[in-house]
Amino acid sequence: MTAGHGSSQGLPALERVLWLREEIARHDYLYYVLDAPQIPDAAYDALLRELGELEAQHPDWIIPESPTQRVGGKASAEFGTVIHTEPMLSLANAFTDDEVIAFDRRVREAIGENAPEYAAELKFDGLAVALRYEAGTLVQAATRGDGSAGEDVTANVRTIRAVPLRLTVPQEVAPLVLEVRGEVLMLRADFDRLNARQRSLGEREFVNPRNAAAGSLRQLDPGITASRPLRFFAYGIGQVDPATGTSLPQTHLAMLNWLVTLGLPVGSHRRAIATPAGLLEFWRETLSQRHLFPYEIDGVVYKLNRRDWQTRAGWLARAPRWAIAHKFPAEEMLTVLQDITVQVGRTGAITPVAKLRPVFVGGVTVSNATLHNEDEILRKNLWIGDTVIVRRAGDVIPEVLRSLQQSRPADARPFVMPSHCPVCGSSVEREADGAIWRCVGGLFCGAQRRQALLHFAQRRALDIEGLGEKVVDQLVERGLVKTPADLFRLTQSELIPIFRAKNPAEESRAATNLLQAIQAAKQTRLERFVFALGIRHVGQEVARILAMEYGDLDPMIGEDWNNLIVRKTIIQKDNQRRRNHGEALQAVPLEGIGTEIMDSLGRFFAEPHNLGVIAALRASGVQWPVQQPVALSSVQSIGQTGPSAAGGETIFEPLPLQALTIVITGRLPTLGRDQAADMARAAGAKVASSVSKRTSWVLAGEDAGSKLPRAIELGVPIIDESEFLRRINHG
DNA sequence: GATCCTCGAGTTCC
DNA sequence: CTCGAGGATC
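Attention in this report is confined to the structure presented alongside it.

**Examining the overall build of chain A**
- Helix and strand content of chain A: 27 helices and 26 strands.
- Here chain A holds 731 residues, and 43% of them are scored as buried.
- Pairs at least 24 residues apart make up 67% of the contacts formed inside chain A by residues separated by at least 6 positions.

What follows is the structure, encoded as structure tokens:
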């Protein structure tokens, strides 16, 4: 009879707790993995409640893997960073049958096998995450981030009931380390219910299940995540310990089956396919069933099934060569073209814009779409009032494809290009055979002045942080700013009313910040300044060439541009002759800058108003380091025809990327794209903006666009950032 | 004059 | 990202 209180009552209770935990995990498995629940939700909730009550009586029995511990955890100030030991790669995309057939051909060539088998599965439209299990217990969850490092979302992922906190194998035989990769998403039905709840609470609704899932997973308070109905589906593995690695299933599909046995949900629509025709058939079949799946999918994925062949096929920059995502076509929707308005751009270009009855397409609501120019409207035969087909081209920009002529209403009317600028009333003109109408108002036109200011302040120009559309509109409206030079005369008291806020301290802080940003922008570089001026045909590239060749602004202003046009034309004609005769060529001034651009420069610098603005800017303290003019044109390729540099007193150390032309695409893991471009140029390379057969190689990062398939098509080598850095450092 | 390669300019939604 | 147009070359 000694103190039996704890043990006599405790032991059966402990057994009950252990049994409840196992039972709940079993029902989670039945529900989320096998999609075959055996008990009603109410019975499941009763089990969970009973467990909670027992644990409340015996807090020392609580373990982190208990299903009651999914909810809760405390909110954090920010997410930690997780480095992915094995980078989380993205997949190359295919949009057409031909691209899939080309993929199959490349795979067969790469592995030297004629009839490889593929695993075909769904491409979930959610967020990629990596789950790390150690000895069978979930220890960490991370988002993909940029592929090499993501955010630590462990507390949030633990609340997702489809994610097992323990793998369903005895601890002794569980893998030491197993990183499971998959997608977190929200079912369409759950999404609808969540939005209904948000509506009734007066909270903001989510635009689509993907955004809802992303927003829910990135909550700093895991309690909120717990209240959101998230799901998880595994589709692959990342890091594993060496022992597990050697005993993994041999094929991708077998590995997915193995993940199921570990208690992980895997999409059920998957199969082995032997031929490219079979892949295309799978795609068509899945597309036709798209709306039967309870979640959103944006395509299907094909992977080489045998894992040893995957290794043999290898990796290409940041995507595996042995897998491809075959995307579904952009969704097309019908809506009404309610009106066509026009916008006035920086150069006065009048651009017609379609005003659409808002339509939900490709995951967002679209109400505007550019129509490019008048000819485009005529070509597509669009009338105001027409029913039109809209889609999101690529993955972002809305596009009006065509109108349904048969349903044109009686009161439909054609678009008429306005004869006068809608903003300033100046006349609107179009060059002889140009496609674009322009307002001739120049800086008299408010729209052009506004755009000129925005251009001046933009990141690639003087980079004035905080000077965006709203502020510029206010400044122009209040008559505080007419030219860029006026920006540097602004005072604190003038700015305060612009940042009208409830709290006066906020106002003055915002004003101070803007003044500081303007102050900081005074110290700039010549190429930025020349670009910022907004001279017609002078973009970043031309501004760079000019800055290099002239070293300072005054020689540009002083240049006799009309004369240079004539001189350059003569030299080019003469070079033409020399080329035919095999003679050495003369250096051409300002390579890449022809008659039109020079004419534009000449007219800009001849305008007293422009010179006045430039003078005022410099007087306000805008300055740049003056460089030694570099005669770019004299060192470029023309000298190579003969053995010219024979005598050789001056031996130039060749730069590591000398004479290469490279193209940069996608998001690089550590470098900014501009940063990488500067490094490449410093190393002697030319950085081009599009891929051609003359491109030496393409530096590709995450989410590379159309340049990557183009590079593959042209057989241009593709490298990633680390290889890029190696080449820069070691030549 | 034709062709290929680039760059400039404009753009949507959150 | 896409289209239009400038520039170089044959």
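**A few points about the protein's contact with DNA strand B**
- Of all residues adjacent to DNA strand B, which total 26 residues, the nearest are Q343, T347, G539, S689 and S692.
- The protein-proximal atoms of DNA strand B, defined as those within 4 Å of the protein, are 91% sugar or phosphate.
- T351 is positioned such that a nitrogen or oxygen atom in its side chain is 3.4 Å from a phosphate oxygen of DNA strand B.
- The backbone of G539 places a nitrogen or oxygen atom 2.9 Å from a phosphate oxygen of DNA strand B.

**What to know about the sheet that holds strand 13 (residues 323–327)**
- Within the open sheet, the five strands sit side by side as 2-13-10-3-9. Their pairing is mixed. Each of the sheet's edge strands pairs with one partner strand only, and the pair in question is strand 2 (92–94) and strand 9 (271–273). Mean inter-strand twist for the sheet, computed between neighbouring axes without regard to direction, equals 35°.
- Pairing between strand 3 (residues 118–124) and strand 10 (residues 297–304): seven bridges, direction antiparallel. Each bridged residue has a counterpart across the sheet, and for A119 the counterpart in strand 10 is K303.
- Contacting strand 2, strand 3, strand 10 and strand 13, helix 3 (residues 97–111) crosses the sheet at an angle of about 175° to strand 13.
- Those strands touched by helix 9 (residues 252–261) are strand 3, strand 9 and strand 10, and its axis lies near 55° from that of strand 3.

**A short note on the pairing of strand 16 (residues 364–370)**
- Bridge analysis of strand 15 (residues 350–361) against strand 16 gives six bridges, and the strand direction is antiparallel. Bridge pairing links V359 to V366 in strand 16.
- Between strand 15 and the antiparallel strand that follows it, strand 16, lie two residues; G362 among them carries a positive phi value of about 60°.

**Here's the deal with the pattern of salt bridges**
- Applying the stated rule across the entire model yields 36 salt bridges.
- A salt bridge links D375 to R430; the nearest nitrogen and oxygen atoms lie 3.6 Å apart. Here R430 lies in strand 21 (residues 428–430) and D375 lies in helix 12 (residues 374–379), a separation of 55 residues in the sequence.
- For D375, a relative accessible area of 28% gives the class partly exposed.
- Between E723 and R727 there is a salt bridge; the shortest N-O distance is 2.8 Å. Of this pair, E723 and R727 both sit in helix 27 (residues 721–730), four residues apart, which is roughly one turn of the helix.
- Taken together, the shared-partner salt bridges connect D574, R577, R578 and E583 into one network.

**Thoughts on the packing of helix 13 (residues 446–457) against helix 14 (residues 469–477)**
- Packing of helix 13 against helix 14 brings their axes to within 10 Å, and their N-to-C directions diverge by 130°. Taken as axis vectors, helix 13 and helix 14 run oblique relative to one another. Both helix 13 and helix 14 take part in a crossing whose hand is right-handed. In this structure, helix 13 contributes R449, R450, L453 and L454 to the contact, and helix 14 contributes E469, V472, D473 and V476.

**A short note on the nonpolar core**
- I464, L487 and L546 are the most contacted members of the largest nonpolar core, which has 56 residues in total.
- Residue-level mapping places this core at the junction of two domains, with at least three residues from each of domain 3 (464–520) and domain 4 (526–626).
- If near-sequence neighbours (up to four positions away) are discounted, L487 is found in contact with L453, F456, I464, L467, L475, V481 and I518.
- Counting 40 residues, the second-largest nonpolar core is a separate cluster that includes I160, L167, V184 and F232.

**Description of the sheet that holds strand 5 (residues 137–143)**
- Taken in spatial order, the four strands line up as 5-4-7-8 in an open sheet, and their pairing is antiparallel. Looking at the sheet topology across the chains shown, the edges are occupied by strand 5 and strand 8 (231–240). On average, each strand axis in the sheet is inclined to that of its neighbour by 30°, with strand direction left out of account.
- In the packing of helix 6 (residues 209–217) onto the sheet, contacts are made with strand 4 (127–134), strand 5 and strand 7 (177–185), and the angle to strand 4 comes to roughly 40°.
- Across the face of the sheet, helix 9 comes into contact with strand 7 and strand 8 while running at roughly 115° to strand 8.

What counts and what doesn't
- Sequence positions are assigned chain by chain, starting from 1 and proceeding in written order.
- Lettering of chains starts at A and numbering of ligands starts at 1, both following the order in which they are written.
- Totals for whole chains, interfaces and linings use all residues, but because this is a predicted model, local features are given only for residues with pLDDT of at least 70 and pairs of side-chain atoms are given and counted only at 80 or more.
- Excluded from the side-chain calculations are hydrogens and water; all other atoms, namely the structure's heavy atoms, are used.
- Counting from the N terminus, the helices are DSSP H or I runs at least four residues long and the strands are E runs at least two residues long.
- Note on classification: 1.4 Å probe, protein chains only; a residue is buried when its accessible area is under 20% of the maximum for its type, exposed when over 50%, partly exposed between these limits.
- Contact between two residues is taken to exist if any of their heavy atoms lie within 4.5 Å; hydrogens are not considered.
- Residues are labelled near a given molecule or strand when at least one of their non-hydrogen atoms is within 4 Å of it.
- Two N or O atoms form a polar contact when they lie within 3.5 Å of each other; inside protein one atom must be a possible hydrogen donor and the other a possible acceptor, and for residues adjacent in sequence the pair counts only when both atoms belong to side chains.
- In this analysis, strands are considered paired if DSSP registers two or more bridges between them.
- Angles here are taken between N-to-C directions and fall from 0 to 180 degrees, while the axes themselves are lines fitted to C-alpha atoms, restricted in helices to the stretch in contact.
- For this analysis, a salt bridge means a side-chain nitrogen from Lys or Arg found within 4 Å of a carboxyl oxygen belonging to Asp or Glu.
- Any angle from 65 to 115 degrees is called roughly perpendicular, while one under 35 is roughly parallel, one over 145 is roughly antiparallel, and all others are oblique.
- Crossing chirality is assigned from the near helix's rotation relative to the far helix, an anticlockwise turn below a right angle marking it left-handed and a clockwise turn marking it right-handed.
- Here, nonpolar core means buried Ala, Val, Leu, Ile, Met, Phe, Trp, Tyr and Cys residues that are tied together by side-chain atoms lying within 4.5 Å of each other.
- Marked domain ranges trace back to an automatic or database domain assignment.

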